[in-house]
Number of protein chains: 2
Amino acid sequence: MTPHRQRTRRVRVGKLALGHGAPVVVQSMTTTSPRQVKATLAQIRKLANAGCELVRVAVPDEGAAQALSAVTAASSLPVVADIHFSAELAHLALAAGVAKVRINPGNLGAEKALEVGRDARDRGVAVRIGVNSGSVPEARRRGAKTPGALGKVMAELALEYAQGFEKIGHKALVLSVKSSDVLASLAAYRYLAQHTLWPLHLGITEAGSVLTGAVKSAAGLSPLLLEGIGDTLRVSLTGDPVQEIPVANQLLAVTGVRRRGVEVIACPTCGRTQGDLTAMLARVERELAFEMRPLTVAVMGCVVNGPGEARHADFGLAGAPDGRFLLFAKGKPLRKVAADKAVDALLAEIKK
Amino acid sequence: MTPHRQRTRRVRVGKLALGHGAPVVVQSMTTTSPRQVKATLAQIRKLANAGCELVRVAVPDEGAAQALSAVTAASSLPVVADIHFSAELAHLALAAGVAKVRINPGNLGAEKALEVGRDARDRGVAVRIGVNSGSVPEARRRGAKTPGALGKVMAELALEYAQGFEKIGHKALVLSVKSSDVLASLAAYRYLAQHTLWPLHLGITEAGSVLTGAVKSAAGLSPLLLEGIGDTLRVSLTGDPVQEIPVANQLLAVTGVRRRGVEVIACPTCGRTQGDLTAMLARVERELAFEMRPLTVAVMGCVVNGPGEARHADFGLAGAPDGRFLLFAKGKPLRKVAADKAVDALLAEIKK
């Protein structure tokens, strides 16, 4: 099931390994400031419980940077400091024990960015060089008339910055080239994959609220994952970041990159559907949202594709013409169950 | 913006054209039986208002087939009859004036399927040959050990069925090879695109409820759309089918295939965010859900990527350090607005 991954270098981020065949790491970002130490740690715990493996924290000011050591000391996940505009904040974050610093040399200034690089190098801490389409200098952007051309400009910028870090002997880089434009992102990441061995952090920026953001992220990241590109990813959604994790897990699972969690197969309801399938499905998805075993569970309303799909799932229900549901497990029909008991029977079978 | 489309034949479906450079058609399926004529027509109207262009109706029994002519006569959208198991129902649907029949010869029987083909040919009505992974005969499925191999088997089946229809002189075919497995679907559609000129109907079956189904559909269909494959698509979601349309529109828009509706660019909220961006964004998306002009609207919380992204959108808001929002239009900053008036100002500017 695992497609060929593009070869990258191995980079350590705290207890995690990125790249060179390591599982693609799921990450997210808190919506709290690290000044709110307790709230930040509570959000990190929620993210970790949902399956998040690496967490980024914005460090917008000195107060946030000062509070960061209390977060890094107690966080169960490696912490990445997200820094903009101020090299001083990056140095404070490094001193606070973060596992990675994310900077955009475009808004730090090239020299100050390299100073951060030297500090991180001496501490053995990874740096993500994150170029965003919104921060490409106008002079570079002007020639880029198509999303593809803009993507190439972003990738070239990231590679220039990375070269600077290589020259000072920094050996733990991660690169990202996020855009809110799917076509620009695809062009940027494909170009990077051809021109660097550093691990790549995938993401679409400013993707939108839960549904539209998830669709845009899936549309932009699926082609890359299928091509073996990407060593870590974040699905950026506006709202509670915990919602990002099942979307990221699902994306990894359906592209065959990494099986995490339950894949629910459900038919669209139609004129043939038995029972209130929408409610049944919602309950199955809710109850299994944090099940991390890689299982396929089918919830099918009728006999057209129902038994076929259910039979090839690990567990399944398929509506029978008499209004009851056939319960399947490991490819075998077990028994018929009344519609109002069908989900209970399915969940009991899965939890056995 | 429009990527190269794979060349297909032109097929007419009622007033619509599919294939050969025609815009990729967005379709859905009612959850009502056509026996409920009023409810079915009401759902078709809702779908049409949301941007649906072609609607499929399940025809599970003779009563449904008899009621179908009342639906086709009053429907504002061309109607596709979805037929399983019974050739007789297909003939009744054709007599009821549908614009296309969707059959799976695998469950009709090859001879009876061709009888339907002759009837449709004589009436000048298009036929979709829809192979589903769940209905691949076990004997054919047995050798297919990987999703890719299963996809190829599905495509080969569809091509065999299509050859039968070509032999009897049917000249208006559409092919689909849906699976609930993204990798199998990709392999199946790519194989078809290489081996047939008939237009392709894209979809992932049994994708799931709104969020998980949209993510799976986006992950599976985006690579195909980006490769120029697909002449019509359905995003299958369990629940109200109206929800399928904005997802389909968004997928077409972000892959550059067809700009329909508003693309909202929004930052994930973080420690730097000004104001209640999640609520602001939700309102912008809600108010513009049925705006069909192809616009890009940015809603950004802060200054890191905010002004840059907002400037490149048709309309935008970006949080300023003083707690107000900068309103942009056509790349130019217009004025600063208080946070609680910012969405109103943005919507007024768009509606001007």
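The rules behind these values
Residues numbered from 1 in each chain as written. Chains lettered and ligands numbered in written order. Predicted model: local features only at pLDDT ≥ 70, side-chain atom pairs only at ≥ 80, totals over all residues. Heavy atoms only, no water. Helix = DSSP H or I, 4+ residues; strand = E, 2+ residues; numbered from the N terminus. Rg over C-alpha atoms; globule rule 2.2 N^0.38 Å. Buried < 20%, exposed > 50% of the residue type's maximum accessible area, 1.4 Å probe, protein only. Contact = heavy atoms within 4.5 Å. Areas by Shrake-Rupley, 256 points an atom, 1.4 Å probe, with all protein chains shown as cover. Lys, Arg positive; Asp, Glu negative; His and termini not counted. Charge placed at Lys NZ, Arg CZ, Asp CG, Glu CD. Buried area = accessible area lost by both parts, 1.4 Å probe. Salt bridge = Lys/Arg side-chain N within 4 Å of Asp/Glu carboxyl O. Polar contact = N/O pair within 3.5 Å; in protein donor to acceptor, adjacent residues only side chain to side chain. Pairing = 2+ DSSP bridges. Axes fitted to C-alpha atoms, helices over the stretch in contact; angles between N-to-C directions. Parallel < 35°, antiparallel > 145°, perpendicular 65-115°, else oblique. Left-handed = near helix turned anticlockwise from the far one by under 90°. Nonpolar A, V, L, I, M, F, W, Y, C, P; charged D, E, K, R; others polar. Least-squares fit on C-alpha atoms with pLDDT ≥ 70 in both. Core = buried A, V, L, I, M, F, W, Y, C linked by side-chain atoms within 4.5 Å. Phe/Tyr/Trp six-rings, centres within 6.5 Å; stacked < 30°, edge-to-face > 60°. Lys NZ or Arg CZ within 6 Å of the ring centre and 35° of its normal. pLDDT = per-residue confidence, 0-100. Expected span 1.5 Å × (residues − 1).

### Regarding the overall build of chain A
Scanning chain A from terminus to terminus reveals 13 helices and 15 strands. On C-alpha atoms alone, chain A measures out to a radius of gyration of 23 Å, which is about the 20 Å that the 2.2 N^0.38 rule sets for 352 residues. Principal axes of the C-alpha set define a box for chain A whose edges measure 75 × 45 × 30 Å. Expressed as a percentage of its 352 residues, the buried residues of chain A come to 64%. Here the analysis covers contacts within chain A between residues at least 6 apart in sequence; of these, 63% occur between residues at least 24 apart. Surface summary for chain A: the accessible area is close to 12400 Å², and the carbon and sulfur share equals 53%. Charged side chains of chain A number 45 positive and 30 negative; the gap between the two group centres comes to 3 Å.

### Quick word on the interface of chain B and chain A
Put simply, an interface is often sized by how much accessible area is lost when its parts join up. Chain B puts 70 residues into the contact, and the matching count from chain A is 70 residues. Of the roughly 5500 Å² buried between chain B and chain A, counting both surfaces, carbon and sulfur atoms make up 61%. For the pair chain B and chain A, the interface holds two salt bridges. Counting the contacts that link chain B with chain A gives ten residue pairs in polar contact (both at pLDDT 80 or more). Counting residues per element, the side of chain B that touches chain A draws most heavily on helix H9 (residues 210-226) of chain B, which supplies eleven residues.

### Focus on helix H10 (residues 244-254) of chain A
All names here are of chain A. Among the eleven residues of H10, ten are classified as buried, and the element is accordingly described as predominantly covered. Along H10, the residues that are buried comprise Glu 244, Ile 245, Val 247, Ala 248, Asn 249, Gln 250, Leu 251, Leu 252, Ala 253 and Val 254. Looking one or two residues past H10, Gly 256 carries a phi angle of roughly 75°, positive in sign.

### A few points about the pairing of strand E13 (residues 315-319) of chain A
Residue and element names in this part refer to chain A. Across the five residues of E13, five count as buried, placing the element largely inside the fold. Residues of E13 alternate between two faces, with Phe 315, Leu 317 and Gly 319 on one and Gly 316 and Ala 318 on the opposite face, all of them buried. When strand E12 (residues 296-300) meets E13, the two strands line up parallel, connected through four bridges. Following the sheet pairing, Val 299 is matched in E13 by Leu 317. Direction of pairing for E13 relative to strand E14 (residues 325-329): antiparallel, over a ladder of five bridges.

### Re the packing of helix H9 (residues 210-226) of chain A against H9 of chain B
Running from N to C, H9 of chain A and H9 of chain B cross one another at 40°; their axes reach a closest spacing of 8 Å. The angle between H9 of chain A and H9 of chain B places the two elements in the oblique class. The chirality of how H9 of chain A crosses H9 of chain B is right-handed. Here Val 210, Leu 211, Ala 214, Val 215, Ala 218, Ala 219, Ser 222, Pro 223 and Leu 226 of chain A of H9 of chain A lie close against H9 of chain B, whose contacting residues are Val 210, Leu 211, Ala 214, Val 215, Ala 218, Ala 219, Ser 222, Pro 223 and Leu 226 of chain B. Here the contact of H9 of chain A with H9 of chain B is built from residues that sort into 16 nonpolar, two polar and no charged.

### A short note on the pattern of salt bridges
All chains considered together, the criterion is met by 42 salt bridges over all chains. A salt bridge links Arg 121 of chain A to Asp 122 of chain A; its shortest N-O distance comes to 3.0 Å. Arg 140 of chain B is the partner of Glu 160 of chain B in a salt bridge, and the nearest nitrogen-oxygen pair spans 2.8 Å. With a gap of 20 residues between them, Glu 160 of chain B in helix H7 (residues 147-167) and Arg 140 of chain B in helix H6 (residues 138-142) connect regions that are remote in the sequence. By sharing partners, the salt bridges in this structure join Arg 283, Glu 287, Asp 344 and Lys 351 of chain A into a single network.

### Brief notes about the sheet that holds strand E9 (residues 201-202) of chain B
All names here are of chain B. One open sheet accounts for eight strands, arranged E8-E7-E6-E5-E4-E3-E10-E9; its pairing is parallel. Every other strand in the sheet has two partners, leaving strand E8 (173-178) and E9 as the edge strands with one partner each. In terms of strand pairing, strand E3 (residues 25-29) meets strand E10 (residues 232-233) through two bridges, oriented parallel. From the neighbouring strand, Val 25 faces E10, where its bridge partner is Thr 232. This element, helix H8 (residues 182-195), spans E8 and E9 of the sheet and lies at about 155° to E8.

### Comments concerning the relation of the copies chain B and chain A
Of the transformation placing chain B onto chain A, the axial shift is 0.0 Å and the rotation is 180°, giving an RMSD of 0.0 Å. Taken together, the rotation angle and the small translation identify this as a two-fold axis. A high fraction, 100%, of the interface residues of chain B reappear at the interface in chain A, so the copies pair face to face through one surface.

### Re the nonpolar core
Ile 83, Ile 103 and Leu 233 of chain A together with Ile 83, Ile 103 and Leu 233 of chain B are the most contacted members of the largest nonpolar core, which has 190 residues in total. In this structure Ile 83 of chain B touches Val 59, Leu 89, Ala 90, Ala 93, Val 101, Arg 102, Ile 103 and Asn 104 of chain B, once residues within four positions along its chain are discounted.

### Remarks on the side chain of Glu 285 of chain B
Assignment of secondary structure puts Glu 285 of chain B in helix H11 (residues 277-287). An unpaired buried charge is present at Glu 285 of chain B: no salt bridge exists, and Lys 216 of chain A, the closest side chain of opposite charge, is 8.9 Å distant. Within the structure, Glu 285 of chain B has its side chain in polar contact with the side chain of Ser 209 of chain A (distance 2.5 Å). Beyond its immediate sequence surroundings of up to four residues, Glu 285 of chain B is in contact with Gly 208, Ser 209 and Thr 212 of chain A together with Val 264 of chain B.

### Thoughts on the packing of aromatic side chains
Given two aromatic rings, their pairing is described by the distance between the two centres and the angle made by the two planes. Within this structure, the stated rule accounts for zero aromatic pairs over all chains. Directly above the ring of Trp 198 of chain A sits Arg 9 of chain A, whose terminal nitrogen or CZ lies 4.4 Å from the centroid.

### As for the sheet that holds strand E13 (residues 315-319) of chain B
Residues and elements named next belong to chain B. Taking strand neighbours across the sheet as the criterion, the five strands line up as E11-E12-E13-E14-E15 in an open arrangement whose pairing is mixed. Each edge of the open sheet is held by one strand with a lone partner, namely strand E11 (263-266) and strand E15 (332-337). Averaged over all adjacent pairs, the angle separating strand axes in this sheet is 20°, with direction ignored. Examined bridge by bridge, strand E14 (residues 325-329) and E15 share five bridges and lie antiparallel to one another. By the bridge assignment for E15, Phe 328 is matched with Pro 333.

### Digging into the confidence of the model for chain A
Summarising the model, chain A shows a mean pLDDT of 91, and 95% of its residues fall at 70 or more. On the interface metric, ipTM, the complex scores 0.88, and its pTM is 0.89.

### As for the side chain of Glu 53 of chain A
All names here are of chain A. For Glu 53, the location among the structural elements is in the loop between helix H1 (37-50) and strand E4 (54-58). Exposure remark for Glu 53: the relative accessible area of 15% places this residue in the buried category. Engagement of the side chain of Glu 53 in a polar contact is seen with the backbone nitrogen of Val 26, the distance being 2.8 Å. A distance of 2.9 Å separates polar atoms of two side chains, one belonging to Glu 53 and the other to Arg 258. If near-sequence neighbours (up to four positions away) are discounted, Glu 53 is found in contact with Leu 16, Val 24, Val 25, Val 26, Leu 77, Pro 78, Arg 258 and Arg 260.

### Things to note about the environment of Thr 8 of chain A
Residues and elements named next belong to chain A. Within the secondary structure, Thr 8 is located in the segment before strand E1 (11-13). On a C-alpha basis, the gap between Thr 8 and Ala 93 in space is 27 Å, while along the polypeptide they are 85 residues apart. Among residues more than four places away in sequence, those in contact with Thr 8 are Gly 19, His 20, Leu 197, Trp 198, Pro 199 and Asp 231.

### Description of helix H5 (residues 110-123) of chain A
Residues and elements named next belong to chain A. With 14 residues, H5 should cover 20 Å at 1.5 Å per step; its first-to-last C-alpha distance of 20 Å lies within 8% of that length. Burial in H5 covers these residues: Ala 113, Leu 114, Val 116, Gly 117, Asp 119 and Ala 120. Buried-residue contacts for H5 involve helix H3 (87-95), strand E6 (100-103), helix H4 (105-108), strand E7 (126-132) and helix H7 (147-167). Downstream of H5 by one or two residues, Gly 124 has phi in the positive range, about 70°.

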